[in-house]
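Observations on the three-dimensional arrangement
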Protein chains: 2
Amino acid sequence: MLKLTRKVEYALIALRHLQGKKRSQLSSTKEIAEAYHIPVELLAKTLQLMARNEIIDAVQGPLGGYRIKADFHEINMTDFIEMIEGPLGLTDCHFDTECVQANTCNIKKPINKVNKSIRAVFNNMTLADITG
Amino acid sequence: MLKLTRKVEYALIALRHLQGKKRSQLSSTKEIAEAYHIPVELLAKTLQLMARNEIIDAVQGPLGGYRIKADFHEINMTDFIEMIEGPLGLTDCHFDTECVQANTCNIKKPINKVNKSIRAVFNNMTLADITG
DNA sequence: ACTTTATCCGACAATATTAGTCGGATATGC
DNA sequence: GCATATCCGACTAATATTGTCGGATAAAGT
């Protein structure tokens, strides 16, 4: 049904939350999870992932938490989505080679065309376009 | 990962196959399934679905099979995909009302914007654009 | 030093979705 | 009537997503 995963949704919600804070103020996983009713552990992983990718900063220890690091205007949405939920494509056939159809498939080219159109949508969009 | 279901792929492959035939010539499920290594029963259902939606014609009995009915230039891709795999959207929140986030969600609007962009891609595309 | 609270991380379990199967019906040409 | 086609609902299997658990490391406060 061509949908984004919850992890991406949670990531966006969290980023938007962080944007409402002052540059230096930290938000903990718990704080965000409770504010939006998101499972803590799952949100935690998503935040960790974003921290590893330098979208946000992580500060450990008590009084720790996360704060925005990157300039959202510079984060491409294709990259962002792929960072969180892996390769972005209409079909599997671009990633794994073992497709029984492979040789006989008559829609490889057209599917590829559509694929590009979809990717283009996200390529021409930055995180800033979404989080405001 | 934002992908189409196999059913849609199979549908497109089948339609493309039918296009290679003369207007009056029939192709059976078995013939198509074997040509592209698609599970017969699954393809059968997809073809039946398309027949019900008057994209193709079904002829029963031995010597029966399917042939193209609709003008592919007139079939919008959004409609086609939704016909086969149901509602097309980036998130569930547009369909079911029971989302725990609902009230507190801070990304409803932005997600909706992206959603429209994606739908636009398929809206501005007909079956003919894909099957050639 | 110890306790508390935070990030960090891998492995696991539950759930939902998709893919594929099966049994039996109806239609029709021979 | 037999063979072969579409038709259709219900079922099972496979896969992917979502959520949970246990335990580690980091650092602030006492």
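Figured I'd write up the structure that's included with this text.

The interface of chain B with chain A comprises 39 residues on the first partner and 40 residues on the second. Of the roughly 3800 Å² buried where chain B meets chain A, counting both sides, 63% is carbon and sulfur surface. Taken as a group, B:Met1, B:Leu2 and B:Asn106 account for 19% of the area that chain B buries against chain A, more than any other trio of residues on that side. Summed over the shared surface of chain B and chain A, the number is 0 salt bridges. The interface formed by chain B and chain A contains 8 residue pairs in polar contact (both at pLDDT 80 or more). Listing elements by their share of the side of chain B that touches chain A, those giving two or more residues are helix H1 (6-19), helix H2 (29-36), helix H5 (108-123) and helix H6 (127-131) of chain B. The biggest single contributor to the side of chain B that touches chain A is H5(B), with 8 residues.

Residues and elements named next belong to chain A. Non-glycine residue Glu54 carries a positive phi angle of around 60 degrees. Phi is positive for Leu63, close to 70 degrees, though the residue is something other than glycine. Here Leu63 lies in the loop between strand S1 (56-59) and strand S2 (65-68). Under the relative-accessibility criterion, Leu63 is labelled exposed at 81%.

Moving on: the nonpolar core. Ranked by internal contacts, the top residues of the largest apolar core, which has 85 residues, are A:Met50, A:Ile55, A:Phe80, B:Met50, B:Ile55 and B:Phe80. What B:Met50 contacts, discounting residues up to four positions off in sequence, is B:Ala11, B:Leu15, B:Ile55, B:Ile56, B:Phe80, B:Met83 and B:Ile84.

Rules behind the numbers
Residues numbered from 1 in each chain as written. Chains lettered and ligands numbered in written order. Predicted model: local features only at pLDDT ≥ 70, side-chain atom pairs only at ≥ 80, totals over all residues. Heavy atoms only, no water. Contact = heavy atoms within 4.5 Å. Buried area = accessible area lost by both parts, 1.4 Å probe. Salt bridge = Lys/Arg side-chain N within 4 Å of Asp/Glu carboxyl O. Polar contact = N/O pair within 3.5 Å; in protein donor to acceptor, adjacent residues only side chain to side chain. Helix = DSSP H or I, 4+ residues; strand = E, 2+ residues; numbered from the N terminus. Buried < 20%, exposed > 50% of the residue type's maximum accessible area, 1.4 Å probe, protein only. Core = buried A, V, L, I, M, F, W, Y, C linked by side-chain atoms within 4.5 Å.

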